[in-house]
Structures are given as C-alpha cells and as structure tokens.
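# Per-entry structural report
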Amino acid sequence: MANNGSLKSTIAVSLTNYLDAGAIVAGASGLTLWQNYLGLSEVHLGWLNFISANCLGAAIGAIIGGFLADKYGRKFIFTYNLLVYMLGVILVMCSFNYPMLLAGFLVTGISVGVGVPASWTYISESSEVNKRGRNICISQMSWGLGPMCILLFGMLFAPGGYLFSAVEGVAHAFLGADAAVNEVNVFSSRIVFLTLFIVAFIAWNLQRKLQESAEFVSNKEKEAKTGLMDNIKVLFQNMTAVKTVIFLATIYLTWNLVASVMGFFQPHIYETAGGVSNEQANWMNCIQWAIIVGVTFIVSKLIDKTSHKAIYTFGLLVAISAWVVIITMGAGGMAGLWLFAILWGVQGGSSPQIFYALWGSELFPAKFRAGAQGLMFFIVRGLSAVWGLVFTYIYGENGEGFTIAAWCMIALLTVSLLVGIIGAPNTRGRSLDSITKERYGENF
C-alpha cells in the first residue's frame, strides 16, 4: 500500500537516521575533549558508550518504541519522540559533570531507539514495490550524512579548527575570561550537539505532519479487537516469526558489534593505536563517511534490480578485508590506516544494516512489524553495549590489545557473512502483502 509521494516522506523520516548516527559520532568526535575536561578514564568512556545511542539507550528505546508503533501507530512516534531527543541533547550541551553527561547520552539514546523501528517500518510500508530497497538506501544515506556533517562541524569547532576562535568567544562569554583551557575546549563539542538539536527540531516539524501508514490503518481495521499483548504473544508463538528474529538478529548483531565500536571509538583508536592527531583522525573518519554515502547511493540504484545476496556478500567481504589489511600493515602507519578507512567506507555503503532494515520490514506482518524490529534492535544494541565495555578491556588504555581486538572483529564479520548467505530471503520486487501471505498464511 504505497503512495506516489514515498520519496518525500522517506526523506522526512530518514532524518531519524541522521540523528541516530549523528548522536553517536558527536559523542565520539568530542570524546577526548570530554575526557580531558572531566578527567575521565577509558572505563568512564566505555560506560558512556554503554548507555548511549550506540548501545543500551537505543536498546531500551527500541523495544518500547517498536511495540508502541504497532499499538498506536507510526505517526504517534513521529509526533512525540524527537521532543525527548531534544531534551537529551540539551542535557549533554549543558553538562558540567560526569553523571549529567551520562544522563544526556542515555535520554538521547532512548529516543534514538524509539524512533528507528517506526522509521524503517514506515519507509517500507509507504514505498512502491519497486522502490522499497531504494528508499531504505536513502535512509541509510542519511545515516552516513549525519556522521559526515557532525565530523565536519567537530573539526571546524575543535581546538585549532577554523572556527575555534568563535567557540572561544562563546565559552568566555559563559565562563568568564579566566576559564580553564579544558573548559573552553569542550565548548566545541557542546556546539556540535547544538547542531543536532536544530536538525531534530526541523525533523520533528516535518515528521509530525506525515500521514499515518496506510498499511497500519488497514491492519488496525482488521485487528480492531487485538491488543498490544496479543501481538507480542503471537510474535513469540509463531515459529516463522521466531526463526526470522533469530536470523536477522544474528546477521545484524555480529556486524553491529564491530560497527558500534567503530562508530564510537574510531577517532579515539586512530589517535591511540595510530598515533595521529585528533584533527587527522576526524578527517579520516569524515572521508570514510563520505565514501559510505557515495557507495550507498550506487547501491540504491542497484538494490531493486540486483541479487540482494550478491550485494550483501560483497559488503562483508570488503569489511573482512579491511581488518585483514590493518592487521597485516599495522595501525601505526598512515598507509594502513587510510586503506582501512577506505575499505570500511565501501563496506558501510552495502552493509548488513541496509538489509536488516529492508528484510526486517519485509519479513514480518504489519500487526507486529515494528515490534519485531524493536525486539531485535533491543537485542543487538543491548549486547553491543556489553561488548563496548569488554572492548575497552581488550583494547587497553593505549591500544596495546589492538591486534587481538581486530581478530575478534574478523570472526564476528565472518559469522555475519555466512549466516547471511545461507538465510538471505527472496523478496525483491514483491509486495509486503504477498510476502506476508506466503510466510504466515491468509490469516495475517
């Protein structure tokens, strides 16, 4: 039940992905600044990652938001959720101690989690059959544009950046002329979060004006007497649904355990293991995100016409190659770091996240489509939160465990590759209704 205006609504809803990835990278790009300002250890940084939009915060939000979207509608989420996001961003912007910073990361993360299942579900339900993959890719491009823009802002506003003099002026206006250096420097991160607040406000105004998904409305008319708990029970009692959850959670989790670490810690890793400056690390990361956006654009032209399994396999083979390169060439040289950044950018444009979003909205019936995605997102981001803490111990204070960590990444990506190849569904060019009837029968 698509509409001809799917591109416009896709762009509005895709801003959620900009804000999701943007929140993760905004924290990452300023990590060293917050560390110096508040005197944080690597373990403190691990806890920030643990409760952020990268992990636990998003996990909690997803399982709530997914089932709320199935009960009250996709538009319900769009109407209220970004108000919570803006509150979280304000908390980060105004933080002057570690607990306040943690609270800001947590609130922002919960909002991200609430929004993601509803967004991917809405995009699929509003897309024409032969443009569903394209629209999911547009959403993924937004997921790449967020970090790219945030990193650019981070570099412009960072100490030594072209606009840092303006940051100093703002900082001294708030703190006084005798403010400590670290207090002034961290204002660059505060301003970066301000840009997220502005985008969130724009996105909220666009999303709250969207029409409800026609597929959701149609299903609610048929299932008027079905409650939220009934849908949850059906999800767990239907073996097709359970197997699908296991398949999708596996391919997404094993990839996301790697991607979540890269999203939050990559500039920090470049600085400690690679020995580059904060500015160099952010430039490398920014260019990598630009590559992700470019490759995703190419994939958006192919995904509705080409084998999904072929694109999926290509992306993960490149991902594994990136880690083999960094182990072989080492993280201490610029050549190895740059080749890794380029390869990781290429894989990001054809990553399992695209197919998780696409298949996750195709392989479940409308009555628990968002709820199933929320459940999987909860599993994936929750375990990613735990892995983020474990990673800080494997990696060490100064990157002494980098090689061991890299081999762990290769093992995880290999699992994602093999499971994806075995279980990739054939849904290209088919309506959501026909897929649902084939998998679940006429009653759904």
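Preceding this section is the structure that the text describes.
Model, not experiment: these values are computed from the prediction. (Residues numbered from 1 in each chain as written. Predicted model: local features only at pLDDT ≥ 70, side-chain atom pairs only at ≥ 80, totals over all residues. Heavy atoms only, no water.)

### Some thoughts on the overall build of the protein
Counting its secondary structure elements, the protein contains 20 helices and 0 strands. Computed over its C-alpha atoms, the radius of gyration of the protein comes to 21 Å, within 12% of the 22 Å expected for a compact globule of 444 residues. In terms of principal-axis extent, the alpha carbons of the protein reach across some 70 × 45 × 35 Å. Burial analysis of the protein (444 residues in total) assigns 61% to the buried set. Taking as baseline every contact in the protein between residues at least 6 positions apart, the subset at least 24 positions apart corresponds to 83%. (Helix = DSSP H or I, 4+ residues; strand = E, 2+ residues; numbered from the N terminus. Rg over C-alpha atoms; globule rule 2.2 N^0.38 Å. Buried < 20%, exposed > 50% of the residue type's maximum accessible area, 1.4 Å probe, protein only. Contact = heavy atoms within 4.5 Å.)

### Things to note about the side chain of Thr108
As for its placement among the helices and strands, Thr108 is situated in helix α6 (residues 98-125). Beyond its immediate sequence surroundings of up to four residues, Thr108 is in contact with Ala23, Tyr85, Gly88 and Val89.

### What about the pattern of salt bridges?
Across all of its chains, the model carries 7 salt bridges by this definition. Across the pair Glu125 and Arg74 runs a salt bridge whose closest N-O atoms are separated by 2.7 Å. Within this pair, whereas Glu125 is found in helix α6, its partner Arg74 is found in helix α5 (residues 74-93), the two being separated by 51 residues in sequence. There is no split in this pair, since Glu125 and Arg74 are both buried. The shortest N-O distance in the salt bridge between Glu438 and Arg430 comes to 3.3 Å. The partly exposed category is assigned to Arg430, whose relative accessible area is 21%. By sharing partners, the salt bridges in this structure join Asp70, Arg74, Glu125, Glu215 and Arg369 into a single network. (Salt bridge = Lys/Arg side-chain N within 4 Å of Asp/Glu carboxyl O.)

### Concerning the state of the cysteines
Linking two cysteines covalently via their sulfur atoms produces the bond known as a disulfide. In this structure the tally under the stated criterion is 0 disulfides. Looking at the unpaired Cys286, the closest cysteine sulfur is the one in Cys149, lying at 8.1 Å. (Disulfide = S-S within 2.5 Å.)

### Focus: helix α15 (residues 308-329)
With 22 residues, α15 ought to run about 32 Å at 1.5 Å a step, and its terminal C-alpha atoms sit 32 Å apart, in line with that. One side-chain oxygen of the residue at the start of α15 lies 3.3 Å from the amide nitrogen of Lys309, identifying that residue as Ser307. (Expected span 1.5 Å × (residues − 1). Polar contact = N/O pair within 3.5 Å; in protein donor to acceptor, adjacent residues only side chain to side chain.)

### Here's the deal with the environment of Tyr356
Assignment of secondary structure puts Tyr356 in helix α17 (residues 352-362). Given a relative accessible area of 0%, Tyr356 falls into the buried group. A C-alpha to C-alpha distance of 18 Å links Tyr356 and Val293, two positions 63 residues apart in sequence. Residues within four places of Tyr356 in sequence aside, it is in contact with Trp120, Leu248, Tyr252, Gln373, Met376 and Phe377. Of the polar contacts made by the side chain of Tyr356, one reaches the backbone oxygen of Gln373; its length is 3.1 Å.

### Focus on the environment of Asn36
Inspection of the secondary structure assignment puts Asn36 in helix α2 (residues 31-38). Remark: the alpha-carbon pair of Asn36 and Asn185, spanning 149 residues in sequence, is separated by 9.2 Å.

### Overview of the environment of Val114
Within the fold, Val114 resides in helix α6. Excluding residues within four positions of it along the chain, Val114 makes contact with Gly61, Ala62, Gly65, Ile77 and Asn81.

### A short note on the nonpolar core
One finds Leu196, Trp323, Trp359 and Phe364 to be the most contacted residues of the largest nonpolar core, which totals 137 residues. In terms of residue count, helix α13 (residues 239-272) provides more of this core than any other element does, 16 residues in total. Residue contacts for Trp323: discarding those within four places in its chain leaves Val258, Met262, Phe340, Trp344, Phe402, Ala406, Met409, Ile410 and Leu413. (Core = buried A, V, L, I, M, F, W, Y, C linked by side-chain atoms within 4.5 Å.)

### Let's talk about the packing of α15 against helix α19 (residues 402-423)
Remark: α15 packs on α19, axes separated minimally by 9 Å, with the N-to-C direction vectors making an angle of 165°. Between α15 and α19, the angle falls in the class roughly antiparallel. In the packing of α15 onto α19, the handedness of the crossing is left-handed. In this structure, α15 contributes Lys309, Tyr312, Thr313, Leu316, Leu317, Ala319, Ile320, Trp323, Val324, Ile326 and Ile327 to the contact, and α19 contributes Phe402, Ala406, Trp407, Met409, Ile410, Leu413, Thr414, Ser416, Leu417, Gly420 and Ile421. (Axes fitted to C-alpha atoms, helices over the stretch in contact; angles between N-to-C directions. Parallel < 35°, antiparallel > 145°, perpendicular 65-115°, else oblique. Left-handed = near helix turned anticlockwise from the far one by under 90°.)

### A word on the side chain of Arg190
Within the secondary structure layout, Arg190 lies in helix α10 (residues 187-207). Within the structure, the side chain of Arg190 is placed 2.6 Å from the backbone oxygen of Ser95, a separation counted as a polar contact. Apart from residues lying up to four places away in sequence, Arg190 is in contact with Trp34, Tyr37, Val92, Met93, Cys94 and Ser95.

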